[in-house]
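Observations on the model geometry
These are the residues of each chain, in order.
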Amino acid sequence: MIPPGDVSTIRRLVLEHTPCLKARVGPALTNNFGVVLGEDVLADGDMPALPTSRMDGYALRATDVVLHRVLEIAGTTRAGDHRGQPLPAGMCHKITTGAALPENADCVIPVEDTRTVDGGIEIIAAHCTDHRFIRFPGEEFRQGQVLVPAGTVLGPVEYGLLALAGRTAALQYDAPRVAVLSTGNEIVEPGMRPGQHQVRNSNGPMLMAQLCRAGALPRFLGIAPDSEASLRSLIREGLWHNVLVISGGISAGDRDLVPSVLESEGARILAHGVSMRPGKPFLFATHPCGPIIFGLPGNPVSAFTCMELFVRPAIESMRGLQAPAEKQWQKAPLATDFSWKGDRPFYPPMRLDSKGLLHPTHLSGSADLRSIAGCNVLARLAPQGMLHAGDPVDIAILE
Ligand code: AMP
Ligand code: MG
């Protein structure tokens, strides 16, 4: 019998036994949201490569910017044109946003500060003698500089930066493949009308959605009745994935057969029981063939909480994110007074509003899934206590 551990010890244990998945070269697909980069992506040139105009206007020498002076136009460069001839003294060069300045020009005067006159332009506002309208070579980045470091979650800006580095493919981590198994003689498919002695499988879809949110690729294996034979066959199938998540069947009832079937299939149970509420029966195991296995309590709120506290950090670590468990906790003030009971640390889901205030929900029990609808954080509280509105509480953001 494994004595119950505290939450942070078990989170550490889970991460210690979570294998790293290999990063593979894949296309930089912009719909692949949340993918983690497996290499530093470097700039292959300076940005910009030449002094470049930020404005439509005229390139010239700053010393020629004199109010009402008329300057002849020596040439024109538009974005995409090769750099023009060096600028002769006392003349200007027509230029568009994104075009390279000719040599000798050290200033851009916007078109609004000029007037077209016979033979050239007249300067009608002379306040831009500085370099503010020029992007200098390497100003944004230099060749060899890291544009997107390994371990970055790829989002819109990063996909743009990969393109600037000329990368249409990059090393990236695969999403972990996760099998989800619901157990229980009383559990029926959501599409069925349950008898009064039965319950629809709410954990399956909920856990699948949580896994998707965590960046995994989940697959639902089905509902196993509480018999050794059916558990064994679905557990065997689940062991072909990176992670197996099982809901129900891990407590102390005589039909809670998951731990014994797991062991008989070669799994090594490293944790069984955690000192928290809800979620006490939680189980974690490894298997010599590679997968890690989570047994979540069947009660929906407990399954939800254990998924966020223990499975999610493992998924994030497998996806290539650094130290996922450590950075998770932050503080938020309570919106109302709150008291709670129990002799174990309490991890209730709560709602953080747009003003940053924390709203506890009334939990009638860990079977009451509806009571946590709209919750977007998990709070961390000591065993029984009382806090006042405004008191800070540790929270982990779930979205
Ligand atoms: P267990 O952990 O198997 O003892 O189940 C604890 C409670 O959770 C029981 O009341 C079950 O009916 C309920 N339960 C178990 N699995 C599910 C599920 N997949 N969906 C909804 N409720 C469940
Ligand atoms: Mg059960």
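Residues numbered from 1 in each chain as written. Chains lettered and ligands numbered in written order. Predicted model: local features only at pLDDT ≥ 70, side-chain atom pairs only at ≥ 80, totals over all residues. Heavy atoms only, no water.

1. Some thoughts on the nonpolar core
- The biggest cluster of nonpolar side chains holds 41 residues, and the ones touching the most others in it are Val245, Phe282, Phe294, Leu296 and Phe310.
- For this core, the domains that each give at least three residues are domain 1 (7-21 + 175-318) and domain 4 (329-397).
- The residues touching Phe310, leaving out its near neighbours within four places in the chain, are Val7, Ile10, Arg11, Val14, Val274, Met276, Phe282 and Phe294.
- Of all hydrophobic cores here, the second largest spans 21 residues; its members include Val65, Met91, Ala105 and Ile109. (Core = buried A, V, L, I, M, F, W, Y, C linked by side-chain atoms within 4.5 Å. Buried < 20%, exposed > 50% of the residue type's maximum accessible area, 1.4 Å probe, protein only. Domains from an automatic or database assignment. Contact = heavy atoms within 4.5 Å.)

2. Considerations on the domain arrangement of the chain
- The domain boundaries assigned to the chain delineate domain 1 (7-21 + 175-318), domain 2 (23-47 + 140-173), domain 3 (52-135) and domain 4 (329-397).
- Between the C-alpha centres of domain 3 and domain 4 there is a distance of 62 Å.

3. Focus on the pairing of strand S17 (residues 243-247)
- The buried fraction of S17 is high, at 5 of 5 residues.
- The alternating pattern of S17 places Val243, Val245 and Ser247 and Leu244 and Ile246 on opposite faces, both of which are buried.
- Relative to S17, strand S13 (residues 177-183) runs parallel, the two sharing 5 bridges. Note on S17: the bridge partner recorded for Ala179 is Leu244. (Helix = DSSP H or I, 4+ residues; strand = E, 2+ residues; numbered from the N terminus. Pairing = 2+ DSSP bridges.)

4. Re the sheet that holds strand S9 (residues 120-123)
- Strand order across the open sheet formed by 6 strands is S7-S4-S6-S5-S9-S8, with mixed pairing between neighbours. Among the strands making up the open sheet, the edge pair consists of strand S7 (107-110) and strand S8 (114-117). Neighbour-to-neighbour, the strand axes of the sheet open up by a mean angle of 40 degrees, direction not taken into account.
- Sheet topology note: the strand S5 (residues 70-77)/strand S6 (residues 91-95) ladder contains 4 bridges and is parallel. From the neighbouring strand, Glu72 faces S6, where its bridge partner is Met91. (Axes fitted to C-alpha atoms, helices over the stretch in contact; angles between N-to-C directions.)

5. Some words on the sheet that holds strand S18 (residues 268-272)
- The 6 strands are arranged S16-S13-S17-S20-S19-S18 in an open sheet whose pairing can be described as mixed. Sheet topology places strand S16 (217-224) and S18 at the edges, where each strand pairs with a single neighbour. Pairs of neighbouring strands in the sheet enclose a mean axial angle of 20 degrees, with direction left out of account.
- When S18 meets strand S19 (residues 283-286), the two strands line up antiparallel, connected through 4 bridges. For Arg268, the partnering residue across the bridge sits in S19 and is Thr286.
- The strands touched by helix H1 (residues 7-16) are S18, S19 and strand S20 (292-296); relative to S18, the strand with the most contacts, the crossing angle is about 155 degrees.

6. Quick look at the packing of aromatic side chains
- With the rule as written, the count across this model stands at 5 aromatic pairs.
- Measuring from centroid to centroid gives 6.2 Å for Phe282 and Phe294, while their planes differ by 40 degrees, and the two rings are tilted. Of this pair, Phe282 sits in the loop between S18 and S19 while Phe294 sits in strand S20; the two residues are 12 residues apart in sequence, bridging distant segments of the chain.
- A residue is classified by how much of its surface remains accessible, and Phe282, at 0% relative accessible area, is buried.
- Judged by centre distance (5.5 Å) and plane angle (20 degrees), the ring pair of Phe338 and Trp340 falls under stacked.
- Ring pairs connect the aromatic residues Phe282, Phe284, Phe294 and Phe310, which therefore count as one cluster. (Phe/Tyr/Trp six-rings, centres within 6.5 Å; stacked < 30°, edge-to-face > 60°.)

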